[in-house]
Amino acid sequence: MSTPEMKASMEEMMKDPQIRAFAESPYAGASMRVSEDDKGTPIINTKGVPDNVLAAMLKTEANLSFQKGDFEGAVRKYSQAISNDLSNAILYSNRSAAYYSLELYGAALDDAERALRLQPSWGKAWGRKAAALLAQHRYDEAIKAYESGLQCGDASKLLQDGHKLALSQKANPTPPPQCSQPLPQGLAEADIPPARVVAMYRKNGGSLPPGSAAKRLYDAYAHTKIIYF
């Protein structure tokens, strides 16, 4: 990250009340000060920063990556933020959006459901879930998810529009795209590169055949964070 980018990131972070309160407290000490590593690259010192504040800082960086269209970078930063604040529904919801933008609809659905377990009455999270289901051509489930979201206090026009779209697509369904590159016969699972699995996942409309080698690999990569999707 360049010095101007670091400065912009710090300015954005200070808009977060939680981060600003810690930075201005006597407990901050040398924390959150910009310094340089041995190569002269600017870095933020996070030693002594509480987990929840560090999560908020990482969330800010992730949001900036998302806004720039760097969805893979956003997923990485959201994942790091989540590791510091496992009960933050917003982080799962935001990572769901990043996964969706990468056309990784299964992962987007998983994170939307995690957000809903933490905050069941959050319309935005229902919208994330519905959008991921709709992208997988699971029309009835998507419609129900949109309807659940519309019953929440923060129901928005986006949920209304999504509900209409789901009803329209159910009335005029299109077949989901089929995987055009099956895994080679006889190839050991360990020899299949992650990028190949991701490519198959996208070509197959955000899903892989249950029990298949590709599905097992996808689950392993996604949940052990061998790579970030």
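What you see is a predicted model; the values in this text were computed from it and never measured. (Residues numbered from 1 in each chain as written. Predicted model: local features only at pLDDT ≥ 70, side-chain atom pairs only at ≥ 80, totals over all residues. Heavy atoms only, no water.)

Caption draft 1: Geometry of the packing of helix 5 (residues 89-101) against helix 7 (residues 123-135). At a minimum axis separation of 10 Å, helix 5 and helix 7 run at an interaxial angle of 25°. One way to sum up the angle between helix 5 and helix 7 is to call them roughly parallel. Every pair of crossing elements has a handedness; the one defined by helix 5 and helix 7 is left-handed. Taking contact as the criterion, the partners of Ser93, Asn94, Ser96, Ala97 and Tyr100 in helix 5 are, on helix 7, Arg128, Ala131, Ala132 and Ala135. (Axes fitted to C-alpha atoms, helices over the stretch in contact; angles between N-to-C directions. Helix = DSSP H or I, 4+ residues; strand = E, 2+ residues; numbered from the N terminus. Parallel < 35°, antiparallel > 145°, perpendicular 65-115°, else oblique. Left-handed = near helix turned anticlockwise from the far one by under 90°. Contact = heavy atoms within 4.5 Å.)

Caption draft 2: Quick peek at the environment of Ala107. As for its placement among the helices and strands, Ala107 is situated in helix 6 (residues 105-118). On a C-alpha basis, the gap between Ala107 and Ala132 in space is 8.7 Å, while along the polypeptide they are 25 residues apart.

Caption draft 3: Examining helix 3 (residues 51-67) more closely. Over its 17 residues, helix 3 runs 24 Å from end to end, which matches the ideal 24 Å to within 8%, given 1.5 Å per residue. Every buried residue of helix 3 is listed here: Val53, Leu54, Ala55, Ala56, Met57, Leu58, Lys59, Thr60, Glu61, Ala62 and Ser65. Following helix 3 by one or two positions, Gly69 has its phi on the positive side, about 85°. (Expected span 1.5 Å × (residues − 1). Buried < 20%, exposed > 50% of the residue type's maximum accessible area, 1.4 Å probe, protein only.)

Caption draft 4: Local environment of the packing of helix 6 against helix 7. Close contact between helix 6 and helix 7 brings their axes to 8 Å; oriented N to C, the two are set at 155°. On the basis of their axis angle, the class for helix 6 and helix 7 is roughly antiparallel. The two elements helix 6 and helix 7 cross, and the hand of that crossing is left-handed. In this structure, helix 6 uses Tyr105, Ala108, Leu109, Ala112, Glu113, Ala115 and Leu116 to contact helix 7, whose residues at the interface are Ala125, Trp126, Arg128, Lys129, Ala132, Leu133 and Ala135. Across the contact of helix 6 with helix 7, the residue classes tally to eleven nonpolar, no polar and three charged. (Nonpolar A, V, L, I, M, F, W, Y, C, P; charged D, E, K, R; others polar.)

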